[in-house]
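Summary of the model geometry
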Amino acid sequence: MNQPLITDDTVVFGLLTLCLGFIFYTSSRKQGFWKKFYSFVPAILMCYLLPGVMASVGLVSDETSNLYFMASRYLLPAALVLMTLSIDLKAIANLGSKALIMFLTGSLGIIIGGPIAILIVSIFSPETVGGNDFDAIWRGLSTIAGSWIGGGANQAAMFEIFKFNPDRYGEMILVDVVGANIWMAILLLGVGKTKRIDHWLKADASAIESLKEKVTEFTKRITRVPTLNDYLMMLFLAFTAVGIAHFFGGHLSKFLVQSSETISNPKSFLSFLGGNFFWMVVIATFIGVLLSFTKAKNYEGAGASKIGGMFIYILVATIGMKMDLSRVLENPGLLVLGLIWISIHAGLLILVAKLIKAPYFFLAVGSQANVGGAASAPVVAAEFHSSLTSVGVLLAVLGYVVGTGGALLCAYLMEIASKV
């Protein structure tokens, strides 16, 4: 690994916030070059790309930084609390079954997409999907399956289960990041054309519009000029919840691993219950939902979800540092495989959305609840409307639940496909 120019996380964090400030300042311009630029390139995509460019030129490196760990363990659970404390569960339930169907369709697309992609690539480049023992490509691809059905925790679980050669793990990270971000870029480009896409899908988005109006009306009713007391109370709610989530999440996962052979077995479909990260996310989200039944939900009027959104964007920037754009063409065969894989996921989502007439919002958020997890699903949901963030959060939690089992099934199917 080449040493980056800047290794001090304090300086790296300053550069990331500089990127975010530049993006949000320029994207707020109402005319001129930047208005045209952001009509083609979503601001959220730039929040990934600029840190990726810095990592690609050797200015910073995710491998020498602890910022992603900080953001994913501290800021993400805090954001989940702040984004769900004003949640309207009844209104979300009124969205119907199509949100769940699209989420499960996204999971199925990843599960069957991996083995199909291996079979396709093996036709013209068998060496790309070959390898023996711990160098077997299907083992490495299992980590992508974990990432794309649940997120980083499931990705790490697959790496531990199938023991892929660590020296080649970077190739899989690259395929993961490139495939996921290209598809996310396409989804974000579609946000501005939602009505046109819904018309093509013949979808009824009235329930979504009703939720937006209801939450917007509630927000207007409670909106106030926030005081220092408001900010400190939100700080108290968010980070006390983070502490509780880490404390009980750690103890609960340890207890379950020690008391159950099924959970402690990394090849078990229930092994996700032994993960600290899983319980941290679940407990933080649960605390946020509990707060929504109290007067704490009124802190939405002081900007609770906006502060949560700010934390999420910091996380997004740290994820961007994982991209090394200079390595995109190092292994074109694997990249092609990854693009075929994500295309199968996308194609199945579009087909099912067309068949059941599901709104584009469910397609996009159902996909990102799988591929992006809690880091991306709320962001994509908020691009449609800030009031829809909580839908992304809840589906992302569901992604963690099905992630390990789905990734294991996908891995075993890929092992079979690689031997055909």
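Refer to the structure above for everything that follows.
All values reported here derive from a predicted model rather than from experimental measurement.

Attention now moves to the packing of helix α4 (residues 67-84) against helix α15 (residues 304-320). One can describe the packing of α4 onto α15 by two numbers: an axis separation of 8 Å at closest approach and a directional angle of 155°. Relative to α15, α4 is oriented roughly antiparallel. Relative to α15, α4 is oriented so that their crossing is left-handed. The segment α4 lies against α15, with Leu67, Tyr68, Ala71, Ser72, Leu75, Leu76, Ala78, Ala79, Leu82 and Met83 engaging Ala304, Ser305, Ile307, Gly308, Gly309, Phe311, Ile312, Ile314, Leu315, Thr318 and Ile319.

Our focus in this paragraph is the environment of Phe37. Relative to the helices and strands, Phe37 is located in helix α2 (residues 33-40). Considered as a pair, Phe37 and Ser27 are 10 residues apart in the sequence and their alpha carbons are 8.5 Å apart.

Within the largest apolar cluster, 137 residues are counted, with the highest numbers of intra-cluster contacts made by Leu141, Trp341 and Phe361. For this core, the element with the most residues is helix α9 (residues 169-191), which contributes 12 residues. With sequence-adjacent residues up to four places away left out, Leu141 is seen in contact with Ile118, Met172, Leu334, Leu337, Trp341 and Met414.

As a further point, take unusual backbone geometry. Phi at Lys202 is positive, roughly 60°, even though this residue is not glycine. Here Lys202 falls in the exposed class, since its relative accessible area comes to 60%. Not every positive phi belongs to a glycine, and Lys357 is a case in point at roughly 60°. With respect to the secondary-structure elements, Lys357 resides in the loop between α16 (332-356) and α17 (360-371).

The next point concerns helix α10 (residues 194-201). The set of residues buried in α10 consists of Thr194, Asp198 and Leu201. In an axial view of α10, the angular spread of the buried residues amounts to 60°, which keeps them on one side of the axis. Turned more than 90 degrees away from the buried face of α10, the exposed residues are Lys195, Arg196 and His199. Just beyond α10, the residue with positive phi is Lys202, at close to 60°.

Between the first and last C-alpha of helix α14 (residues 276-291) there are 22 Å, a value that for 16 residues agrees with the 22 Å anticipated at 1.5 Å per step. Counted residue by residue, α14 has 12 buried out of 16 residues, so it is predominantly covered.

Attention now goes to the layout of surface pockets. As a volume, the second largest pocket reaches approximately 560 Å³. Along the walls of the second largest pocket sit 30 residues, with Ser305, Lys306, Ala382, Ser386 and Thr389 positioned nearest its centre. Contributions of two or more residues to the lining of the second largest pocket are made by α1 (9-27), α11 (206-222), α15, α18 (377-384) and α19 (389-418). A per-element tally of the lining of the second largest pocket places α15 first, with 7 residues.

What counts as what
Residues numbered from 1 in each chain as written. Predicted model: local features only at pLDDT ≥ 70, side-chain atom pairs only at ≥ 80, totals over all residues. Heavy atoms only, no water. Axes fitted to C-alpha atoms, helices over the stretch in contact; angles between N-to-C directions. Helix = DSSP H or I, 4+ residues; strand = E, 2+ residues; numbered from the N terminus. Parallel < 35°, antiparallel > 145°, perpendicular 65-115°, else oblique. Left-handed = near helix turned anticlockwise from the far one by under 90°. Contact = heavy atoms within 4.5 Å. Core = buried A, V, L, I, M, F, W, Y, C linked by side-chain atoms within 4.5 Å. Buried < 20%, exposed > 50% of the residue type's maximum accessible area, 1.4 Å probe, protein only. Arc of directions from axis to C-beta. Expected span 1.5 Å × (residues − 1). 1 Å grid on protein atoms, 1.4 Å probe; cavity = no way out; pocket = protein on both sides within 12 Å on 5 of 7 lines; lining within 4 Å. Points joined across faces, edges and corners; volume = space filled by probe spheres on them.

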